[in-house]
Structure formats: structure tokens, C-alpha cells
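What follows is each chain in one-letter form.
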Amino acid sequence: MRCHALLALATSLPLLLVAAQCPEYIDYAKEVHEPLSSGKYKLAYQRPSEECRTFKSPGLEDTISRLGSVIQDPDLYRLFQNAYPNTLDTAIRWKGYAADDAEEELTFVITGDINAMWLRDSSNQLQSYLPLLNASTDANSIASLYRGVINLQARYLLTSPYCNSFQPPVESGIETAPNDAGGQDTVFPQYSNATVFECKYELDSLAAFLQISSDYYKATGDSEFFGRFKWIQAVEAILKVAQDMTRPTYGLEGEVLDSPYTFIRYTTRSTETFANDGIGNPVANGTGLIRSGFRPSDDSTIFQFYIPSNMMFSSYLASTSEIMGKLSVGNAASLAQQMAGLSSSLRDAIETHGTVNHPKYGKIYAFEVDGFGSSNIMDDANIPGLLSAPFVGYPVNPETYANTRSLILSASNPYFMRGPVINAIGGPHQGPGMAWPMASIVRIMTTDNDDEIVNELREIVSSTDGLGLIHESINSFNASDWTRQWFSWANGLFGQMILDLEDRKPAILETSFQ
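Notes on the structure in this doc start here. (Residues numbered from 1 in each chain as written. Predicted model: local features only at pLDDT ≥ 70, side-chain atom pairs only at ≥ 80, totals over all residues. Heavy atoms only, no water.)

**Overview of the sheet that holds strand β6 (residues 165-166)**
Spatially, β5-β6-β8 is the arrangement adopted by the 3 strands of the open sheet, whose pairing is antiparallel. Unpaired on one side and paired on the other, β5 (117-118) and β8 (196-198) mark the two borders of the sheet. Inspection of the sheet shows β5 paired to β6 by 2 bridges, in the antiparallel sense. Paired with methionine 117 across the two strands is phenylalanine 166, which belongs to β6. (Pairing = 2+ DSSP bridges. Helix = DSSP H or I, 4+ residues; strand = E, 2+ residues; numbered from the N terminus.)

**A look at a nonpolar patch on the surface**
Taken together, Tyr250, Val256 and Phe372 make up a surface patch of nonpolar side chains, about 310 Å² in accessible area. Relative to the helices and strands, valine 256 is located in the loop between α8 (231-244) and β9 (262-264). (Patch = residues over 30% accessible without salt bridge, like charges linked within 9 Å, V, L, I, M, F, W, Y side chains within 5 Å. Areas by Shrake-Rupley, 256 points an atom, 1.4 Å probe, with all protein chains shown as cover. Salt bridge = Lys/Arg side-chain N within 4 Å of Asp/Glu carboxyl O.)

**Overview of the state of the cysteines**
The final tally for this structure, using the stated rule, is 2 disulfides. Disulfide pairing is shown between cysteine 22 and cysteine 52; the S-S distance is 1.8 Å. Handedness of the cysteine 22-cysteine 52 disulfide follows from its S-S torsion of about -90 degrees: it is left-handed. Here cysteine 22 is found in the loop between β2 (16-20) and α1 (25-28), whereas its partner cysteine 52 is found in the loop between α1 and α2 (58-67), with 30 residues between them in sequence. Accessibility assignment for this pair places cysteine 22 and cysteine 52 in one class, buried. A disulfide bridge connects cysteine 163 with cysteine 199, and the sulfur atoms are separated by 2.1 Å. Looking along the S-S bond of the cysteine 163-cysteine 199 disulfide, the torsion reads about -85 degrees, which is the left-handed sense. Placement of the pair is cysteine 163 in the loop between α6 (142-159) and β6 and cysteine 199 in the loop between β8 and α7 (203-220), with a sequence separation of 36 residues. With a relative accessible area of 1%, cysteine 199 lands in the buried category. Each bonded cysteine in the protein gets a number by its place in the sequence, and the pairs come out as 1-2, 3-4. (Disulfide = S-S within 2.5 Å. Buried < 20%, exposed > 50% of the residue type's maximum accessible area, 1.4 Å probe, protein only.)

This is how it looks when you write it as C-alpha cells:
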């Protein structure tokens, strides 16, 4: 793969990626590059050379420079210096315009070491740069990146609304990526491998489209954009999937109803396929919750009413209903009412059917339920999870969330990993013993406790194995045993967290971790 720099030839023409002789970042990031940080962890400098960065933002460079005098610990600063720009440096794979509309911006963002675009990851990768986002028509702006991702995600949703990750747009000229794991998948509705990389239906992927839309609008106030291209139609597609996926397993007379979505994969991992010949474990009628085939970790649900995704979907339905309400085209007004109503009913459903009484912790949010009375009590590191409920804007019941937090950040959570290296939530995606720094970052962003924040920062900065990047997961007993050094979402989230601390807890950034 070649790295690219972006050059705007003219505002009416696509931005062309000019190839340079650059190393593959997946290999580059595994090596230690000088200068090392001056702290005891001697962290590598991992940004690619300037000509190999995939998108350049003066605002980003100013922010990185400014934080040099704010973060007092040299290793923590080096981690911020490497991690925060990671998506812009390495993952803006292509930027241009739609073939059928020279004004429709498109941005193809890879997740990192996988050359495909996930709806969830790309929304969260750009969310890291919300502090840099402002209204701009400049094709080389952060705002343009956001518009391009929203437009491309809308295209994907109108093509295959049940799918979660996608191939490069045809306009890019980039070859499609092979998915060896999914070569024999049997999925309904059917899809084309020319446009879809993988088709795991995840409710949070639909919510991610609403999230990035809400983020863009709140930062720029640009409501006009949402009426120009295919955003309204994409929202309609999302609402149809959501409605269809409230369908229970059984009809009133006990007959098995056709499922709107089925998934079968030939695999040795139970988390990679769906039970009962692709329809999943049964769900009851009347809860008002929406089914999700898979979790944000890309692991299959055990009970299909995945509560964190319902929380996230409810939250962003509410905020994007405001956008829809400002549009004076077609059926926007009625869609706005539908979105707001569904957001409210989902909150009621979550608080009624998504909570359980735990013998030790009291009333808590369940991870998954089936509506028949079964529940899964745990949490997973990915967003959305139960820990991240406030982060995604869900109005939690304070007591219920506090009880839930106490459980999931303890040994009562079967996927809370403990050890001398790092103590954090993990999940079945990488298995027992592998803690995810992403969960440590979310823990920081959802607490006001200074000691808790400092402890999490200390574990994060000391567990990069000298590479100075945020790994996907780390063995809680061995810092040299980790997965994915190029995980752009987690890297950007770390930077987002540091900027959040600058606003909320600036004194903490003066802490020494030496």
C-alpha cells in the first residue's frame, strides 16, 4: 500500500491522492522509531513522515503543539502525539466526489489494519476530531471529511442497510478487499461483495450514522447539508430496519415468523455465527426493544436485545430528529416526529425490560435480554457498552448506572480483566485475559474521580510495549502480548479523552507518571 497526501486541484474536482514511496503503516507501527520520549518508558515516535500522512490539518498540528506545554509527563505527551492524529495520518484512504454529482463529497476511511470502512469505526474515528470541527466549505477541512463520510455511509445504507462494513467506492479506483473469514457466509438479505466487506447486522452501526450526523450538525449548525443529497433516504432505511427488527420469533399462535435478517458462517468460533440456523436465539414480543445480531465487537449476541445499542440508538434518534425537523423537504416533518417518538419509546423499553435486580448490586442495566426473562450480565470493552452509556448520550438512571458500573468494573463481570499490567474490561472477541485500553479510556471519560483517572492513565501509558500506540487488547499479565498496534479508533479516542481532561480536569495533565 502507498501512503498519500491530499491535494485539491479545484473545489469542483475530486481531491487526488498523490502516491509517495511510503512503508506500510501496519509494518511501520510495529517498529520503534526515534526520537524516543525522554521518560522512563522511552516511547517510540510513530507518526509517518509528513509526505506519507493521508490528510493534513493545520488545526491538528496546532493542537498537538499546544498540548506539549499542557501535558507535563513526557511519556503521556508522546502517547498523545502519536495517537491523536492516527486516523488523519494513516486512515483517510481516499477522498473525492460522487460520479453522479460533482458536489457530493465522499470520504473512505479504513479502520486501520483492515482495508474496509466500518460504519461504527469511521463515525468514531472522526468523532475524535470534534474539537477541530467548525463550519467550512473548504475541501481540505475537517468539515469536508465529515460530509464525505456521512454521504458515503448514506450510500452504503441505501445499498445494504443490514451490513456493517463496506468496500471502497467505485470512484476511488481502489481494489476491493478480500474477506477470507466471510467467503462462505450465507446471509439474508443477500448483498454484493463488490460493495460489502462483511454483513453482520449491528444496531449500533445504524446508530453510528446518526451519531456522526449529530456531531457534524452540533459543531457546524449546517442543517442545509442534510437536505442536499441522500441523508433523508438513509434515515428512512434505518427506520425500516429498526421497525423490522422488533419482530419477535413467534407469532400469536406460536408459529415461527420469518426473520428479516439471518446469518450463517462456517467457523470454529461460536461468536462468529448465529444460533438456530441463522435466526439467533428466540426473542419475545412486546418489549419495544430492537434486535441486534451482533455486538460492536463484531461478536454475535447471545440474547438479541443488546441494551447498549438500544441506548445509543435512542440517544442519537433524539438528536438527529432535531436535524430532520429543520428540513422543509418531502416528509421530513413526519420523519422527525417518528424519530423522536421511537427515541422516547426505546428509553421506556430499556428502563422497563433492560434492567434486572442483582442480589449483590441491586438494580442494574443488563447487557442483553431476550424478553422471556433471560439476561446476560457482563460488559464488553467496545462502544457502545454499558460503561459507555453516558458517553453516547443516553440519559441513564443515576442509581441504576452507578450499580451497573460497580458490577462491570469488578470481578463480578466475567470479562473484567485483572493483573499487574492493566485492569480493564475485555470481551470474547480476544478472550479471557486480554484487557482493552479502549475500556480504560471510556472509564476515564465517564468518571469525575481524580484518583480513578490517574490510575487509568498510569496503566495506559505503561502498557504500550514501548511502541507508543493504543493497542486493541493487552494481556493483563504480559505487556508484550497484545493485538493490533494499528487500531485508529482507539488511538483517536485516547486523544479525545486527553482533550476532554484538558477541559474537565486540567490539573491531572500535570501529573508525573515517572
